[in-house]
Amino acid sequence: RHLYTCTQNSLSLIISVFVYISTFYQAVLQALEDGLKKADADPSVKAVMICGENGKFSAGADIRGFSSPKTLGVALGPIVSLIESSEKPVVAAIEGVALGGGLEVALGCHYRVAHAKARMGLPEVTIGLLPGAEGTQRLPRLIGVPAALDMITTGKHIPATEALKLGLVDEIVEENTIEAAIRLANKVIGQPLGPRRLSLKPVPKLPNMEAFLQEAQVKVKRQARGFLAPELCFQAVQAATQRPFAEGVRRERELFQVLLSSGQAQALQYAFFAERAVHRWATPAQPTAASTFTVAGQGLGTMGQGIVTSLVKANIPVVALEQNLEYLNKGRKAVMVLLEREAKKMEGGAQKLDFHNPARLQFTVDFNLLHDVDLVIEAVFENMALKKEIFHKLSNICKPGALLCTNTSALDIDEIASATSRPQQVIGTHFFSPAHVMRLLEIIYGRHTSPSAIATAMQLAKDMKKVGVVVGNCFGFVGNRMMFPYVEQAVFLLEEGSRPEAVDQVLEDFGFKIGPFRMSDLAGLDVGWRSRKGQGLTGPSLPAGSSARQRRGQRYSPLPDLLCERGRFGQKTGKGWYQYERAGGRTATPDPWIHGFLSQYRDTHRIETRYIDQEEILERCLFSLINEGFAILAEGIASGPEHLDVIYLNGYGWPKHRGGPMFYASTVGLPRVLAKLQKYSEAHPDVPKLRPSAFLKKLVAVGNAPLKEWMSYLSRQSPKL
Ligand code: NAI
């Protein structure tokens, strides 16, 4: 099926390669090899052309094969060499995509002709690997080290026009690529092939190669944060600059094996399939208003602005509502700036942003304009009384079928729904900041939310190109609920002797983009302060005589409150856990004031300062978060560990090469996670979040059940999930 031969113009043997997400990978390799040998042996064949089937050259190997080394790119390398060593000219006709192994095949060819709309790339790095079929050695020889490094260490796809400029292809055509490739093949018959064999070419020299490589390595390392693949990709390209081709290939294979056994490729593969599983998740019900939403955004603050921008980007008509003209004008201006920026990014693409048309985007302060919309996303201040007041109004004004969504970080969906006459149509849609950038959307159903309301919210997520994850209703839902114990541990570690920069460093080395203290400076310490005041944990509603470091019988750290009382809200005030160059500044510098403040605090509360090592920092923060994840699963708040992982990967900056917190726990081994939690819990008996969850204990008791089987050990699953 994947190989056909024919003679055209009495010269060309055409081999069709179709490796697109191919489960026939081995079969395709075999077919390529057989075809090449046949062409070589047949004196009537004067040239060879390789193309793909169905308008696609090749998207490379099947990602599912990446856990099994035998079926990998390594097997493709000798075939690429075989192509290159052919005594007859071989021309690649690249249509659609030439990615990964597909592009490596094209690099083995003597000539490359691409369709103007084709895209090319070596995306192996994004799944934790490197191009293992000699691509790291051929590409720098063809397009030079800087461009090759950029493509190989980022995995980016480039359009044919750029490929032509880089010299990656010899020709681009607007029409029939195969015919153009055959024309070229005809033309080059008899010409010497030596200069076209990339393995024989030297890597183009740079005047300052050493310095360039050093700088590039620092950059790759800094951006990778513990993710091995970009750095090993760099090393493979570096080998091309230092060694002859054959030795470079050997080095590429060694580095490939290192990546394969590191576990990171498996984590990325897991992350890829976890997201697909979450996407496929569906309720039996149909959405009420699929793809024909008119949406109203209520509140144009930080979140409202991003949500409206995302909706316009998704081509959904929007009515944007504010409480008064002053807020409306401010909000409109901010939304317009965001949309202008988005429109610029989309320039040249097929889709145009139509945001100056009032039929697509309307700004108003008139609540009555909402009576015709299909769906409302409320994004006002995080205050229960205010949200209830707004929902009561919405329930009276909106048409009966309209879905009412609340964008809240933690509030009870049922209580908000109780203010309406249609609790079955009330649902939580928790966007992440900045909402026009972040892909995650937690969809929270309440006690009365109907399955069709859930299906409609899922459809909305799809239309907005977000990753919608359906979860149950509890304080903080899934993401924030797991985050609370993590941040709590980070603050406890400061009480006991650590410093914000030390804790952040450990978690950033683990792979988080920013550690918990940088994160809370960025989000604003006042947000949590307001919430704690609302819960009566601090501020005027705290009962007189409360102990400074205990609340409701549990350990409590007043440190964040003390910072807020001193006006240290983070970046916005120029001071928080760090100091910044000015209010609104972004460069965090460790603050000696904080160090002094912490030691004074320990003196006041007679806490003995102790040295806390990296292992303890990492384990207390991560394992308490993971422990909460097990509690969430046991309560039926989420469908499975993959859902928790997808939330963390897309909304909380969890490093992808570690697969998500629950996958990470499975790689550490549940018995070890349990033993550590037990140890820390014994040392801190007044911290309930360190007490191992019963579900974790059960999974260990049944013999460290593999992640895929975890949910089968639960007797109770939510009826709606
Ligand atoms: P914000 O302070 O930027 O905006 C608040 C909005 O509430 C403004 O549009 C304001 O006009 C409106 N508002 C305030 N009082 C009002 C009243 N009496 N009547 C009508 N409207 C009123 O807040 P932000 O950050 O956009 O948060 C909005 C919601 O999104 C909150 O529930 C928050 O918890 C949630 N959220 C915030 C995230 C963040 O990172 N900022 C992340 C995820 C959710």
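Residues numbered from 1 in each chain as written. Predicted model: local features only at pLDDT ≥ 70, side-chain atom pairs only at ≥ 80, totals over all residues. Heavy atoms only, no water.

**Describing the overall build of the chain**
Stated formally: Runs of E in the DSSP output that reach at least two residues are strands. Runs of H or I that reach at least four are helices, and both are numbered from the N terminus. In this description the radius of gyration comes from C-alpha coordinates, and the expected globular size is given by 2.2 Å times residues to the power 0.38. Whether a residue is buried, partly exposed or exposed follows from its accessible area with a 1.4 Å probe, protein chains only, as a fraction of its type maximum: under 20%, in between, or over 50%, in that order. Pairs of residues are marked as contacts when any of their non-hydrogen atoms sit within 4.5 Å. Surface accessibility follows the Shrake-Rupley procedure with a 1.4 Å probe radius. Residue values consider only the protein chains on display as shielding. Note on charges: Lys and Arg go in the positive column, Asp and Glu in the negative column, and His and the chain ends are not counted at all. Each charge is placed at NZ for Lys, CZ for Arg, CG for Asp and CD for Glu.
Counting its secondary structure elements, the chain contains 27 helices and 19 strands. Here the chain has a C-alpha radius of gyration of 29 Å; the compact-globule value for 721 residues is 27 Å, and the two agree. Every one of the 721 residues in the chain was classed for burial, and the buried ones make up 56%. In the chain, once contacts between residues fewer than 6 apart in sequence are set aside, the share between residues at least 24 apart is 72%. As presented, the chain carries roughly 30,400 Å² of accessible surface, and 53% of it is formed by carbon and sulfur atoms. Treating the 83 positive side-chain charges of the chain as one cloud and the 69 negative ones as another, the clouds have centres 0 Å apart.

**Focus: the packing of aromatic side chains**
Selection criterion: Here is the rule: rings of Phe, Tyr and Trp (six-membered ring for Trp) pair when centre to centre is within 6.5 Å. Planes less than 30 degrees apart are stacked, more than 60 are edge-to-face, and the remainder are tilted.
One pass over the full model with this rule turns up 17 aromatic pairs. Geometrically, the ring pair formed by F630 and F695 is edge-to-face, given 6.0 Å between the ring centres and 75° between the ring planes. In this pair, F630 is assigned in helix α23 (residues 614–634) and F695 in helix α27 (residues 694–701), connecting sequence segments 65 residues apart. Overall, the relative accessible area of 0% leaves F630 in the buried class.

**A look at helix α13 (residues 325–345)**
In plain terms, the rule: Expected helix span is taken as 1.5 Å per residue step, with the number of steps being one fewer than the number of residues.
Between the first and last C-alpha of α13 there are 30 Å, a value that for 21 residues agrees with the 30 Å anticipated at 1.5 Å per step. For α13, every residue scored as buried is listed here: L328, G331, V335, M336, L338, L339 and E342. Residues of α13 that are buried make contact with α12 (302–313), β11 (318–321) and β12 (361–364).

**Concerning the site of the ligand**
Operational definition: Proximity is defined per residue: if any heavy atom of the residue lies within 4 Å of a molecule or strand, that residue is considered near it. Pairing of N or O atoms within 3.5 Å defines a polar contact, subject to two protein rules: one partner must be a possible hydrogen donor and the other a possible acceptor, and residues neighboring in sequence count only if both atoms are side-chain atoms. In this count, Pro and Cys sit with the nonpolar residues alongside Ala, Val, Leu, Ile, Met, Phe, Trp and Tyr, while Asp, Glu, Lys and Arg are called charged and the others, Gly among them, polar.
Around the ligand sit 21 residues in total, of which M303, E322, E382, K387 and S409 are the nearest. At a separation of 2.5 Å, an oxygen atom of the ligand approaches a polar side-chain atom of E322. The backbone of V380 places a nitrogen or oxygen atom 3.3 Å from an oxygen atom of the ligand. Taking 830 Å² as the accessible area of the ligand by itself, protein coverage stands at 75%. Counting residues per element, the ones that place at least two in the shell around the ligand are α12, α14 (384–397) and β15 (426–431). Broken down by element, the shell around the ligand gets its largest block of residues, three residues, from α14. Of the residues belonging to the shell around the ligand, the class tally is nine nonpolar, nine polar and three charged.

**A look at the pairing of strand β6 (residues 111–115)**
Burial of β6 is extensive: five of the five residues sit out of reach of the surface. With burial as the criterion, each face of β6 is covered, one bearing Y111, V113 and H115 and the other bearing R112 and A114.

**Quick look at the sheet that holds strand β5 (residues 97–99)**
To keep it simple, the criterion reads: Strands pair, by our definition, only if DSSP identifies at least two bridges between them. With axes taken as lines fitted to C-alpha atoms, and helix axes fitted only over the stretch in contact, angles between N-to-C directions fall between 0 and 180 degrees.
Strand order in the open sheet made by the three strands is β5-β7-β8, with mixed pairing throughout. In the strand order of this sheet, the two ends are held by β5 and β8 (157–159), each with one partner. Between one strand axis and the next, the sheet turns through 20° on average, direction left out of account. As paired elements, β5 and strand β7 (residues 119–121) share three bridges and run parallel to each other. Looking across to β7, one finds that A98 is bridged to M120. Here helix α3 (residues 101–108) sits on the sheet in contact with β5 and β7, set at roughly 95° to β5.

**Notes on the domain arrangement of the chain**
It is common to give the size of an interface as the accessible area lost on bringing the parts into contact. Applied cut-off: Residue ranges assigned to each domain were obtained from an automatic or database domain assignment.
Here the chain is partitioned into domain 1 (2–262), domain 2 (295–471), domain 3 (498–604) and domain 4 (614–713). Once you take the C-alpha centre of each, domain 2 and domain 3 turn out to be 31 Å apart.

**Observations regarding the packing of α23 against helix α24 (residues 641–651)**
Rules: For classification, angles of less than 35 degrees are called roughly parallel, those exceeding 145 degrees roughly antiparallel, those between 65 and 115 degrees roughly perpendicular, and all remaining angles oblique. Handedness of a crossing is defined here by the sense of rotation of the near helix relative to the far one, left-handed for an anticlockwise turn of less than a right angle and right-handed for a clockwise turn.
The geometry of α23 relative to α24 is characterised by a closest axis approach of 10 Å and an angle of 135° between their N-to-C directions. Considering their axes alone, α23 and α24 lie oblique with respect to each other. Along this stretch, α23 crosses α24, giving a crossing that reads as right-handed. Across from L625, G629, I632 and L633 in α23, the residues of α24 making contact are P641, L644 and Y648.

**Observations regarding the state of the cysteines**
We apply this condition: Two cysteine sulfurs form what is called a disulfide whenever their separation falls within 2.5 Å.
The full count for this structure, using the stated rule, is zero disulfides. Cysteine C405 shares no disulfide, and the gap to the nearest cysteine sulfur, in C398, comes to 11 Å.

**Thoughts on the UniProt feature "domain: 3-hydroxyacyl-CoA dehydrogenase C-terminal" (unreviewed entry) in the chain**
What counts here: UniProt positions are given in the numbering used here, feature names are shortened, and annotations may be inferred rather than shown by experiment.
According to UniProt, the "domain: 3-hydroxyacyl-CoA dehydrogenase C-terminal" (unreviewed entry) feature falls on residues 476–580 and 617–706. Across residues 476–580, helical content stands at 51% and strand content at 4%; the span's end C-alpha atoms are separated by 29 Å. Secondary structure content for residues 617–706 is 66% helix and 0% strand, and the end C-alpha separation is 26 Å.

**Description of the environment of G536**
With respect to the element layout, G536 can be found in the loop between α20 (525–534) and β18 (550–551). G536 sits in the buried class, given a relative accessible area of 16%. Along the sequence, G536 and R551 sit 15 residues apart, while their C-alpha atoms lie 9.6 Å from each other. Those residues in contact with G536 that sit more than four places away from it in its chain are S541, L542, P543 and R552.

**Quick look at the side chain of N627**
Relative to the elements of secondary structure, N627 occurs in helix α23. With relative accessibility at 4%, the residue N627 sits in the buried group. Beyond its immediate sequence surroundings of up to four residues, N627 is in contact with L677, K689, L690, R691, P692, S693 and L696.

**Quick notes on the sheet that holds strand β14 (residues 403–406)**
An order of β12-β11-β10-β13-β14-β15-β16-β17 is seen for the eight strands of this open sheet, with the pairing classed as mixed. Two strands in the sheet have a free side with no partner beyond their single neighbour: β12 and β17 (467–471). When the angles between neighbouring strand axes are averaged without regard to direction, this sheet yields 25°. Of the strand pairs in this sheet, strand β10 (residues 295–298) and strand β13 (residues 375–378) are connected by four bridges, and their pairing is parallel. The residue bridging G297 from the neighbouring strand is I377, located in β13. This element, helix α16 (residues 451–463), spans β10, β13, β14, β15, β16 (440–445) and β17 of the sheet and lies at about 175° to β16.

**Thoughts on the pattern of salt bridges**
Here is the rule we go by: Salt bridges are identified by distance alone: a Lys or Arg side-chain nitrogen within 4 Å of an Asp or Glu carboxyl oxygen.
Inspection of the entire model under this criterion finds 34 salt bridges. A salt bridge links R196 to D170; the shortest N-O distance between them is 2.8 Å. One end of the pair, R196, is in the loop between α7 (177–188) and α8 (209–224); the other, D170, is in the loop between α6 (160–166) and β9 (171–173), with 26 residues separating them in the sequence. For R196, a relative accessible area of 24% gives the class partly exposed. E495 is the salt-bridge partner of R555, the closest N and O atoms lying 2.9 Å from each other. Here R555, found in strand β19 (residues 554–555), pairs with E495, found in helix α17 (residues 479–496); they are 60 residues apart in sequence, far enough to count as distant.

**Structural notes on unusual backbone geometry**
For the peptide bond that leads from S433 to P434, omega is -5°, which places it in the cis range. Here P434 shows up in the loop between β15 and β16. Within the chain, R606 stands out as a residue other than glycine whose phi angle is a positive 50°. Within the fold, R606 resides in the loop between α22 (592–604) and α23.

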